[in-house]
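Working through the structure, step by step
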Amino acid sequence: MKCYKSSSILTTNHHPFFYKQQPISSLPPSSFPSTLSYPTRTRFSSTRIQSRLTHDDPVKQSQDLSFYDLLGVTESVTLPEIKQAYKQLARKYHPDVSPPDRVEEYTDRFIRVQEAYETLSDPRRRVLYDRDLSMGFSFSFSGRRRNRYDEEVVEEKSEWKAKWQTQLSGLRRRSNQKDNNSMSWAARMRRQQQDSC
Amino acid sequence: MAEQEYTVASDSENTAEEKSSSSPSLPEIAVGIDIGTSQCSIAVWNGSQVHILRNTRNQKLIKSFVTFKDEVPAGGVSNQLAHEQEMLTGAAIFNMKRLIGRVDTDPVVHASKNLPFLVQTLDIGVRPFIAALVNNAWRSTTPEEVLAIFLVELRLMAEAQLKRPVRNVVLTVPVSFSRFQLTRIERACAMAGLHVLRLMPEPTAIALLYAQQQQMTTHDNMGSGSERLAVIFNMGAGYCDVAVTATAGGVSQIKALAGSPIGGEDILQNTMRHIAPPNEEASGLEFEEVNRKVFEECERLVVQCLRDARVEVGDIDDVIMVGGCSYIPKVRTIIKNVCKKDEIYKGVNPLEAAVRGAALEGAVTSGIHDPFGSLDLLTIQATPLAVGVRANGNKFIPVIPRNTMVPARKDLFFTTVQDNQKEALIIIYEGEGETVEENHLLGYFKIVGIPPAPKGVPEINVCMDIDASNALRVFAAVLMPGSSTPVVPVIEVRMPTVDDGHGWCAQALNVKYGATLDLITLQRKM
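Residues numbered from 1 in each chain as written. Chains lettered and ligands numbered in written order. Predicted model: local features only at pLDDT ≥ 70, side-chain atom pairs only at ≥ 80, totals over all residues.

Taking an unreviewed UniProt entry as the reference, chain B is identified by name as Heat shock 70 kDa protein 8 belonging to Arabidopsis arenosa. Under the heading Sequence similarities (unreviewed entry), UniProt records this for chain B: "Belongs to the heat shock protein 70 family." (UniProt positions renumbered as here; feature names shortened; annotations may be inferred.)

In the annotation of an unreviewed UniProt entry, chain A is listed under the name J domain-containing protein and assigned to Arabidopsis arenosa.

Here we come to the domain arrangement of chain B. Residue and element names in this part refer to chain B. Taken domain by domain, chain B consists of domain 1 (31–199), domain 2 (212–340) and domain 3 (386–521). The C-alpha centroid of domain 2 is placed 25 Å from the C-alpha centroid of domain 1. Opposite the ten residues of domain 1 that make contact, domain 2 presents twelve residues. (Domains from an automatic or database assignment. Contact = placed C-beta atoms within 7 Å.)

The next point concerns helix H10 (residues 353–365) of chain B. All names here are of chain B. The end-to-end C-alpha distance of H10, which contains 13 residues, comes to 18 Å, matching closely the 18 Å that a straight helix rising 1.5 Å per residue would cover. Of all 13 residues in H10, 13 are buried, a share of seventy percent or more. With its phi angle positive at about 80°, Gly367 sits one or two positions after the end of H10. (Helix = DSSP H or I, 4+ residues; strand = E, 2+ residues; numbered from the N terminus. Expected span 1.5 Å × (residues − 1). Buried ≥ 20, exposed ≤ 12 C-beta atoms within 10 Å, placed from the backbone.)

All names here are of chain B. Omega for the peptide link from Val406 to Pro407 comes to 0°, which places this bond in the cis form. Here Pro407 shows up in the loop between strand E19 (395–400) and strand E20 (408–416). Residue Pro496 follows Met495 across a cis peptide bond; omega there is 0°. Tracing the sequence through the fold places Pro496 in the loop between strand E25 (491–495) and helix H11 (502–513).

Turning next to the nonpolar core. Among the nonpolar cores identified, the biggest contains 177 residues, and A:Leu71, B:Ile206 and B:Cys305 are the most heavily contacted of them. With eleven residues, the top contributor of residues to this core is helix H3 (residues 143–162) of chain B. Aside from chain neighbours lying at most four places away, what touches B:Ile206 is B:Ile232, B:Asn234, B:Ile320, B:Val322, B:Val348, B:Ala353, B:Ala354 and B:Gly357. (Core = buried A, V, L, I, M, F, W, Y, C linked by C-beta atoms within 7 Å.)

Residue and element names in this part refer to chain B. On the basis of which strands lie adjacent, the open sheet formed by four strands has the order E19-E18-E21-E22 and antiparallel pairing. Each having just a single partner strand, E19 and strand E22 (440–447) make up the two edges of the open sheet. Neighbour-to-neighbour, the strand axes of this sheet turn through a mean angle of 30°, independent of strand direction. Where strand E18 (residues 386–391) and E19 come together, five bridges link them in antiparallel fashion. When the bridges of E19 are listed, Arg390 appears paired with Phe396. (Pairing = 2+ DSSP bridges. Axes fitted to C-alpha atoms, helices over the stretch in contact; angles between N-to-C directions.)

For the rest of this paragraph, the subject is the confidence of the model for chain B. All names here are of chain B. Scored by pLDDT, chain B has a mean of 88; 90% of the residues are at 70 or more. The spread of mean pLDDT over the elements of chain B runs between strand E6 (residues 72–75), the lowest at 79, and strand E16 (residues 318–322), the highest at 98. Counting contacts from residues 12–24, a segment whose pLDDT is below 50, to residues more than four positions away or on other chains yields eleven contacts. (pLDDT = per-residue confidence, 0-100.)

Structure representation (structure tokens):
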């Protein structure tokens, strides 16, 4: 089965970008919300699923959590504890095991948990993340930020350097712009939607 | 099973046939199938454990071939060869798994040209011409059709034994298969009336079996949280695959995958070519020398996989070796040396592990619950190959790197290379090569309506999304600086879109458009 009628699974008038109201001209381009806004779709669902995401949903609120919050651990957590927390959350949020009616939102959450795990389970990336955290950056979740740790770690590995250089410049641009705007895209979207309601 | 019904659908664009009307209350347990280059097997969860089905000749490992005789082709499930020589008359087609989804410029196809059936290449990047000798005439067929005929036989055999219709399957596939090749496997299944729930990279099926064994033996229900690291080396007749998995509490997290189309067939051919005449004993040294490149590739795959997984050799708990070639002493020595282990894991049968894992996944994905927790399992898959786009001239720019855990969603920004460029080609590739030619083309589409602007100003976002069932979708949006609203509707494309002739459509695009519709990665403007 290849049900490639994504519109039929998505919530009605659910635009892939969640842009419902007026254009947001004040936002810098780095806020392009791709990581958070493209729809997830279950491919083999026998029933058509309509999951409506609400603002007070705990899953959606995860966008404002730090990587530690996402994994449900404290900042003094050890590596084995991080691994254990990740696997426990995978058992809850992985789309293969999540309740059929919540697959889409749980997939979003799982991808975030995964990114938190990838950063915190790598000692070098974790140091960078902790440094930023201690410098008081607002730590709402952001795919941009994770990319930045990727980038710095990758740069240490010279064998990869040439291959990734082109990609890195794009990432660097985005992560730097991100620093100028500490509020996550999701937070801005929520504020905007609340303002317009 | 005297009467045989072949219900292979025509090989056209009708993969979306649906919908089996099985009773909604009782989920059908998907069967697991391991399609091997030389042997296949089929297994199913029987309520308490995995049961491997046997054919009428009481074989669990069924030779993968189809003979074309007169009007009716017959596969190796029901058909018994009068003599092994029958495989060499040209009437039997085999090695489907090596040929499926490959174009006639592929070295693997060229290596197949000395098989007894006809493999004809024109070397222009189209599917090779394949034919079986029937009554002294070459009868054309396709690897998909051959595989479908074989799968129909497997299905009939399973239905007869399980006394129920069999529709849903989990198949194991080589790590190195491109998404295009995966669609060919799905096509063959659709032709055989089978619905693919999952296509599992072979070592990940073994990882799942291992996860179940660990869970059963340690009774570790996330209690200690201790994680076991295993290296899985799987080498059959056609492919060599490696995985590194971290297992705890029934969760198998695939940390890295690596694969290559080398296998026992290559070893056999090398040995026959260099150590002919046959029937003459080859010395061990000679054998190792003529197959040096194969063995080096095995070693390279393991080293690469460990590096990608960021695993230190000292942290490896188990080394699992499966597949027919895992019995070759030289291969065992190589893997033991790389992993610095004296012992190979003994808990799995090297020839049955993959199909057992596939059957477990079949039960898990079918939503079957086991009161004893034997199915309390989860595989977190990783992408075996990077997916990305063509940009910066002829470069392949990965958007989702290889060994990214799935589900995954990542994006990159690109921009125009010409002033007032109104359109851009998004050409999607999969692979590891730095230039696009080294990778598999998956598809392409055009973005139109880019507002007039100097080159480098428009911001084109390409986002890729892989869901838990490995479906890849590509999104593209055009943004202008200072606005985060796409200026034209976002494009969403399910990949792959290429069908036949994918080898040359990229070249055709290049001839037609040159660099006029090119993209480069967006540089930061200070």
